[in-house]
Each structure stands twice: as structure tokens, then as C-alpha cells.
Amino acid sequence: ADSAARPTMKPWIEAIHAYVPGKSKGSDGRELVKLSANENPHGCSLLAQEALADIANPALYPDPDSTALREALGAAHGIDPSRIVCGAGSGELLHGAVQAYAGPGDEVVCARYSFSLYPLLAAKVGASIVYADDDDHAPSVDALLAAVTDKTRVVLLDNPNNPVGTWLDRDEVARLHDGLPRDVLLVIDHAYVEYLAPGLDDGGMELAAQHDNVLVTRTFSKAFGLAGERIGWATGAPEIIGALNRLRGAFNVTAAGQRAALAAVRDMAFVRKSCEENLAARDAFERQIAALGNHGLRAKPSEANFVLVLFEGALSADAALEALAEGGYAVRHLPSQGLPHALRITIGTREQMGEIAAILANACEAAA
Ligand code: PMP
């Protein structure tokens, strides 16, 4: 046998830059308060905790179809469970959507600044990612529509958007859907939808119920506080759900994950409380950032559980990142995503956000 021979990785796989998650350690290896991955600082529902502690037999496979969870989600949202698929996080389902509808030579469109997983999903299937220009960092429907060509197969829209935090309202999302060719799949990623202020609704769930080219993905990782258990779900036309069922792992959601999510759906009071706390802490933090406007700091108005702070004065995002690490906080710097001048800061508790604002104020003074 030729001892020099080895398996050759597919070139489009070799070209992928693996997903880089938010970190919890400083450059010196010190453990920091992790406000870098948009997790819930209030944990998860007590009912979900109890469900996780419940005795189950780990020798047995979980329900491959997450039946009880899909039924509970269907009842909660008025959706037939056959139009719901559960995933190992919504990431698995986003992957499936791109895999099912895009391949080599095809194009996948997303906003210039959106979830950093999106370009990876396109790369994994050999498709090209096409970025739509932004409107001062925020996604723009006009730009998204202008980016569509006859090679476009999927448009990915995270609404609210990560990392900017802004959202597109019902009219804008409808305008995007109306403007797309009917053979393009519109994926509306609702990872942060629970955080929209009461009364706000982008109409995504209705579009997914009414049209056969819309998929909505949702997650238990954010407002439900179950990121560690990897549970997401998606809803759309039966054909799209069928595609995702073909592509997902056979036993993709663990038994513990299914139990926890089922309990979490029954405790919407926890989610409401988390979102109220988030709103209060975010509002206060946004005001504190606005007060540093004379130092060149500004925050995009966020509807999510994080804020993108832009550094346009003497204090650079790099220096602010260092100062925050020094003060014990890990936040997200995304230079590789074209945002060297910004930090995405997950909303922690009110106390934590007050501390962060004070650290930034001091760093501004020091840089002035
Ligand atoms: N969509 C967006 C916009 C996100 O920010 C995230 C998490 N960072 C996800 C989807 C994926 O979350 P999960 O796989 O945990 O459901």
C-alpha cells in the first residue's frame, strides 16, 4: 500500500472556517462572566430543571420524533404538529434547510451582518453566500431583494437580527416575501423572537402557515434558557418539514432535552419574566451607552437579549474588550464578520450591566 496516500477532504469542506462560539475566558485563561453567547442570565424554568433531574433510563433511545414536545408546541402556537420538526438546536434545522434547497453553484442570501453560522451553512453544501448591503449595520429589505439572482435558492433572515439586534416589522417582512420569486425558500430565524416587546410581531409565523416557501426556526437556547440541552424547532409547509425530517439526526433531540423543553413550554411565566428583566436591563444599558455618545459610543436599538455597541471615538472596540475582560466580563468581538469597531454585549443582570457601563465610562475617560 502507498504509505503516503491519505483520504482527501473535499475542497469546499477544507475551505470552511469552523464556527467560533462566544468565549468565557480572557486572553490570560481567566474565567469571566460570559456575556458573549446570548445565553439567559436567569437560567431556565424550575419546571425544566426538575424535568432534567427526573429519573429516566439513559439506556433507551429518546422518542425519535419528539412527539410530546411537537404536540405541546402545536397546541401553544395553534399549529398542526405535523408541520413542526424538532432539532438539536435550531442550528440543525437551519443547516437542513440550506442543505435541502441549495447545493453547488447555488446562492444563499443573507444580510451583511447576520448570524455568523449562515456563511458556514452555505459553504458546507458547496453553495455561495451572497451578502446584502446593510442600512447602517441593520438588514435592509431593499438590499436583500437586490441581492437575489436566478441562482438564489435560500434567503436567511434572522429577525431580530444577530449581531445587530434590530428587527424588521411585519410590513417589511411581508415586502421581502412578496418580492422574492416563489421558488426561493425564505427562512425566518426567530431565535430571539420572544424578546420582541409585547405587541410586536413580524408576521413570520403567519407567513410560514400560509405559504409553501417560508420556514420559521425557533429555539429553546435563548429566552427559555436551555442552550445546553440543544433544542430547537421549525414550522412551515409539510414538504419543507419533510425535507428537514429526512436530513435531521434520527434521534436528534435527547430524552433530557425533550423533557426539559416540554416542561419549559408549560412555564411561559418564566419566559415572560426573563424577557421583562432583559427589557429593563437593556433599556438602562442603552441609556448609559447613549450618555457616552460624546465619546463616540452608540448602540443600535435592540429588540433582542444583546446590544451591539459601536465605538466611533477615541476608545476602540479592542481596548473596550480588554477593559471589560480586565473587569471580569467576556463579550463578543466580531472582527472576522466585518465588525472590528463594535462589541456585541449580551444583556446580563441589571447589576452586571451597570458594572459594564461603568467600566466602559472609565475606559472612555482613560482614552480621551
Ligand atoms: N439563530 C441565531 C440568530 C442565533 O443567534 C443562534 C444562536 N447563537 C441560533 C440561531 C442557534 O441557536 P441554537 O442552535 O442553539 O438553537
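Residues numbered from 1 in each chain as written. Predicted model: local features only at pLDDT ≥ 70, side-chain atom pairs only at ≥ 80, totals over all residues.

K.L.:
Even after reading the chapter, I still don't get the sheet that holds strand E2 (residues 84–87), so can you show me in this structure?
P.N.:
Two pairing modes exist for strands in a sheet, parallel and antiparallel, and in both the strands are linked by backbone hydrogen bonds. The 7 strands lie next to each other as E2-E10-E9-E8-E7-E3-E4, forming an open sheet whose pairing is mixed. Looking along the sheet, the strands with just one partner apiece sit at the ends: E2 and strand E4 (128–132). The sheet shows a mean angle of 20° between the axes of neighbouring strands, direction not considered. The sheet contact formed by strand E3 (residues 107–111) and E4 spans 5 bridges and is parallel. Of the residues in E4, the one forming a bridge with Ala111 is Ala132. (Pairing = 2+ DSSP bridges. Helix = DSSP H or I, 4+ residues; strand = E, 2+ residues; numbered from the N terminus. Axes fitted to C-alpha atoms, helices over the stretch in contact; angles between N-to-C directions.)

K.L.:
Would you mind showing me how to read the UniProt feature "modified residue: N6-(pyridoxal phosphate)lysine" (unreviewed entry) in the protein here?
P.N.:
In the UniProt entry, the feature "modified residue: N6-(pyridoxal phosphate)lysine" (unreviewed entry) is given for Lys222. Looking at where Lys222 falls in the secondary structure, it is placed in the loop between strand E9 (214–219) and strand E10 (232–236). Take Lys222: there are 29 C-beta atoms within 10 Å of it, and that puts it in the buried class. Excluding anything up to four places from it in sequence, Lys222 contacts Asn38, Asn40, Ala191, Tyr192, Glu194 and Asn305. (UniProt positions renumbered as here; feature names shortened; annotations may be inferred. Buried ≥ 20, exposed ≤ 12 C-beta atoms within 10 Å, placed from the backbone. Contact = placed C-beta atoms within 7 Å.)

K.L.:
So what exactly am I meant to see when it comes to the site of the ligand here?
P.N.:
The environment of the ligand is formed by 13 residues, the closest being Gly89, Ser90, Gly91, Thr219 and Ser221. Taken together, the residues of the shell around the ligand break down into 3 nonpolar, 8 polar and 2 charged. (Near = placed C-beta within 6 Å. Nonpolar A, V, L, I, M, F, W, Y, C, P; charged D, E, K, R; others polar.)

K.L.:
What is the right way to look at the packing of helix H4 (residues 90–101) against helix H5 (residues 117–124) in this model?
P.N.:
Helix packing for two helices is described by the angle between their axes and how far apart those axes are. One way to put it is that H4 packs onto H5 with a least axis distance of 9 Å and a crossing angle of 45°. Comparing the axis directions of H4 and H5 gives the class oblique. Crossing geometry of H4 relative to H5 is assigned as right-handed. Side by side, H4 and H5 meet where Gly91, Leu94, His95 and Val98 of the first sit next to Leu117, Leu121 and Ala122 of the second. Partitioning the contact of H4 with H5 into residue classes produces 5 nonpolar, 2 polar and no charged. (Parallel < 35°, antiparallel > 145°, perpendicular 65-115°, else oblique. Left-handed = near helix turned anticlockwise from the far one by under 90°.)

K.L.:
Quick question: what am I supposed to make of the nonpolar core here?
P.N.:
Burial of nonpolar side chains together is a common tendency in soluble globular proteins. Counting 105 residues, the largest nonpolar core has Ala97, Val154, Val187, Ala264 and Val309 as its most contacted members. Per element, the largest residue contribution to this core is 7 residues, and it comes from helix H10 (residues 255–265). When residues of this core are assigned to domains, at least three fall in each of domain 1 (22–43 + 269–367) and domain 2 (46–266). Every residue in contact with Ala97, bar those within four places of it in the chain, is listed here: Val154, Leu185, Val187, Leu215 and Leu244. (Core = buried A, V, L, I, M, F, W, Y, C linked by C-beta atoms within 7 Å. Domains from an automatic or database assignment.)

K.L.:
What exactly am I supposed to notice about the UniProt feature "domain: Aminotransferase class I/classII large" (unreviewed entry) in the protein here?
P.N.:
Mapped onto this structure's residue numbering, the UniProt feature "domain: Aminotransferase class I/classII large" (unreviewed entry) falls at residues 31–358. Across residues 31–358, the secondary structure splits into 38% helix and 20% strand, with the terminal C-alpha atoms separated by 20 Å.

K.L.:
Hey, could you run me through H4 in this one?
P.N.:
Note: α-helices contain 3.6 residues per turn, so residues at a spacing of three or four share the same orientation. With 12 residues, H4 should reach 16 Å at 1.5 Å per residue; the first-to-last C-alpha distance of 17 Å fits that figure. Among the 12 residues in H4, 11 count as buried, and that is most of the element. Within H4, burial applies to Ser90, Gly91, Glu92, Leu93, Leu94, His95, Gly96, Ala97, Val98, Ala100 and Tyr101. (Expected span 1.5 Å × (residues − 1).)

K.L.:
Whenever I open this one, the domain arrangement of the protein confuses me. Can you help?
P.N.:
Frequently, the measure chosen for interface size is the accessible area removed from exposure when the parts meet. Under the domain assignment used here, the protein contains domain 1 (22–43 + 269–367) and domain 2 (46–266). Placing the centre of domain 1 and that of domain 2 at their C-alpha centroids yields a distance of 26 Å. At the interface, 24 residues of domain 1 touch 22 residues of domain 2. Considering every element that reaches the side of domain 1 that touches domain 2, the biggest residue donor is helix H11 (residues 268–290), with 5 residues. In terms of residue class, the side of domain 1 that touches domain 2 is made up of 10 nonpolar, 10 polar and 4 charged.

K.L.:
Where do I start with the pairing of strand E12 (residues 306–311) in this structure?
P.N.:
Residues in a regular strand point their side chains to alternate faces of the sheet. Within E12, 5 of the 6 residues are buried, which leaves it mostly tucked inside the rest of the structure. For strand E11 (residues 297–299) and E12, the ladder comprises 3 bridges, and the chain directions are antiparallel. Within E12, the position partnered with Arg298 by the bridge is Leu310. Between E11 and E12, which follow one another and run antiparallel, lie 6 residues. The pairing of E12 with strand E15 (residues 339–346) spans 5 bridges and is classified as antiparallel. Paired with Phe306 across the strands is Thr346, a residue of E15.

K.L.:
How should the confidence of the model for the protein be read in this particular structure?
P.N.:
Interpretation of this model should avoid reading the predicted coordinates in detail wherever pLDDT is low. Residues of the protein with pLDDT of at least 70 account for 100%, and the chain-wide mean is 96. Scored as a whole, the predicted complex attains pTM 0.97, and scored at its interfaces, ipTM 0.99. (pLDDT = per-residue confidence, 0-100.)

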